[in-house]
Amino acid sequence: MIEYQREISGSAPAKVNAYLAVHAKRCDDFHEVESLIVPVDLCDTLTLCVGVNRPVEVCCPAVPSLETNDNLAVRAARWYLARLPSRFNGLGAHITIEKRIPLAAGLGGGSADAAAVLRLLEQVLGYPLGRAEIGRCAGEIGADVPACFDGKCRWVSGIGDVLGERVELPRMWLVLVNPGFEVSTRWVYENLASTRLTKHPIGGRKLTRFSGVSDVAAFMRNDLESVTFQAFPDLSQVRKALHEQDALGVLMAGSGPTVFGLFERLENAVEARKHLTAAFPKWGVWVASNII
């Protein structure tokens, strides 16, 4: 048995979907999707203390409701430790999450935390599983976990768990606006009318070269917007406000309710954040950049 008692920390970046096309349901009742995942530098911070004969547990001082066995970070640690060779038997981990990504916001915060746990465990234990195996199998933890573990801008398909080709994007600045309430991804998909589903074949609209931020903005799409915007009309006011601040493109992140605007220059994004913060004083407003 190998004995470890080591603490390690790392970041868990959020993500947005610059493109999200939803296709028909599969035989397992999940929708097939095609999406362009863009990691951004709005991050949670995770600290792991790995040791022998200790449980897998999570502490999140800012959000105590996350301190459960259903937390994706806990599930990721257990999934990972169960696949290790016998010389690692008995290992456990105490996970502390410093939460910055809002909950159930369409930004993949839970998946980002799970992916960070996998990266940190690999690092502290000397990479016993390997990146390829984790990337191939981590969808068992959650659909977005493989993409968050990969940490690159790339196309995904399946239910979001199948990694496709990488995409090079220009440096972009995002103003992220979150109303502070949670939206269930399952609820959004259940209420997506079949008439709203994308009809073109998967792969039919892939564009892998963007010469500027305006190209990305013109390409953006989210088939889930119609559901969330109809249920929460105030989000339309955020979209209007971002356009009034000359955002090159505005889109809902994932299943929402976060809405983001794209800007080419940091100073324009900072100025837009000031206006949005004043207009929606009870909402969260952040400036972030895509991770290149």
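Since this is a predicted model, take the numbers as computed values, not measurements.

**Considerations on the layout of surface pockets**
Inference 1: Of the pockets and cavities examined, the largest pocket occupies roughly 1500 Å³.
Inference 2: Residue classes in the lining of the largest pocket are distributed as 19 nonpolar, 15 polar and twelve charged.
Inference 3: Approximately 210 Å³ is the volume attributed to the second largest pocket.
Inference 4: If you trace the second largest pocket, you find 14 residues lining it, with Pro-13, Cys-148, Asp-150, Gly-151 and Lys-152 closest to the centre.
Inference 5: A class-by-class count of the residues in the lining of the second largest pocket yields eight nonpolar, one polar and five charged.

**Here we look at unusual backbone geometry**
Inference 1: The residue after Gly-256, namely Pro-257, is reached through a cis peptide bond having omega 10°.
Inference 2: Examined against the element boundaries, Pro-257 turns out to sit in the loop between β9 (249-252) and β10 (259-263).
Inference 3: Of note, the phi angle at Asn-53 is positive, near 55°, even though the residue is not glycine.
Inference 4: You can see Asn-53 is positioned in the loop between β2 (31-52) and β3 (57-59).
Inference 5: Despite not being glycine, Ala-104 shows a phi value in the positive range, around 45°.
Inference 6: For Ala-104, the position within the fold is in the loop between β4 (91-98) and α2 (109-125).

**Here we look at the pairing of β10**
As a general feature of sheets, a regular strand has side chains that alternate between the two faces.
Inference 1: Along β10, five of the five residues are buried, which leaves the element largely enclosed by surrounding structure.
Inference 2: Alternating positions in β10 separate into two faces, Val-259, Gly-261 and Phe-263 on one and Phe-260 and Leu-262 on the other, with burial throughout.
Inference 3: Pairing of strand β7 (residues 173-178) with β10 involves five bridges; the strand directions are antiparallel. For Val-175, the partnering residue across the bridge sits in β10 and is Gly-261.
Inference 4: Judged from the four bridges that link them, β9 and β10 form a sheet pairing that is antiparallel. Its bridge partner lying in β10, Met-252 is registered against Val-259.
Inference 5: Linking β9 to β10, which pair antiparallel, is a turn of six residues; within it Gly-254 sits at a positive phi near 55°.

**Remarks on the nonpolar core**
Inside soluble globular proteins, nonpolar side chains tend to come together where they are buried.
Inference 1: With 72 residues, the main nonpolar core has Tyr-80 and Leu-118 as its most contacted residues.
Inference 2: Counting residues per element, this core draws most heavily on α2, at ten residues.
Inference 3: Filtering out sequence-adjacent residues up to four positions away, Leu-118 remains in contact with Ala-76, Trp-79, Tyr-80, Ile-134, Ala-138, Ile-141, Val-145 and Phe-149.

**Considerations on the packing of aromatic side chains**
Inference 1: The final tally for this structure, using the stated rule, is six aromatic pairs.
Inference 2: Taking 4.9 Å as the distance between ring centres and 20° as the angle between the ring planes, the aromatic pair formed by Tyr-19 and Phe-219 counts as stacked. Within this pair, whereas Tyr-19 is found in strand β1 (residues 5-25), its partner Phe-219 is found in helix α6 (residues 213-219), the two being separated by 200 residues in sequence.
Inference 3: With a relative accessible area of 16%, Phe-219 lands in the buried category.
Inference 4: Every member of this aromatic cluster is reached through a ring pair, and the members are Tyr-19, Trp-155, Phe-210 and Phe-219.
Inference 5: For the cation-ring pair, Arg-131 lies above Phe-149, with the distance from its terminal atom to the ring centre recorded as 5.0 Å.

Rules behind the numbers
Residues numbered from 1 in each chain as written. Predicted model: local features only at pLDDT ≥ 70, side-chain atom pairs only at ≥ 80, totals over all residues. Heavy atoms only, no water. 1 Å grid on protein atoms, 1.4 Å probe; cavity = no way out; pocket = protein on both sides within 12 Å on 5 of 7 lines; lining within 4 Å. Points joined across faces, edges and corners; volume = space filled by probe spheres on them. Nonpolar A, V, L, I, M, F, W, Y, C, P; charged D, E, K, R; others polar. Helix = DSSP H or I, 4+ residues; strand = E, 2+ residues; numbered from the N terminus. Buried < 20%, exposed > 50% of the residue type's maximum accessible area, 1.4 Å probe, protein only. Pairing = 2+ DSSP bridges. Core = buried A, V, L, I, M, F, W, Y, C linked by side-chain atoms within 4.5 Å. Contact = heavy atoms within 4.5 Å. Phe/Tyr/Trp six-rings, centres within 6.5 Å; stacked < 30°, edge-to-face > 60°. Lys NZ or Arg CZ within 6 Å of the ring centre and 35° of its normal.

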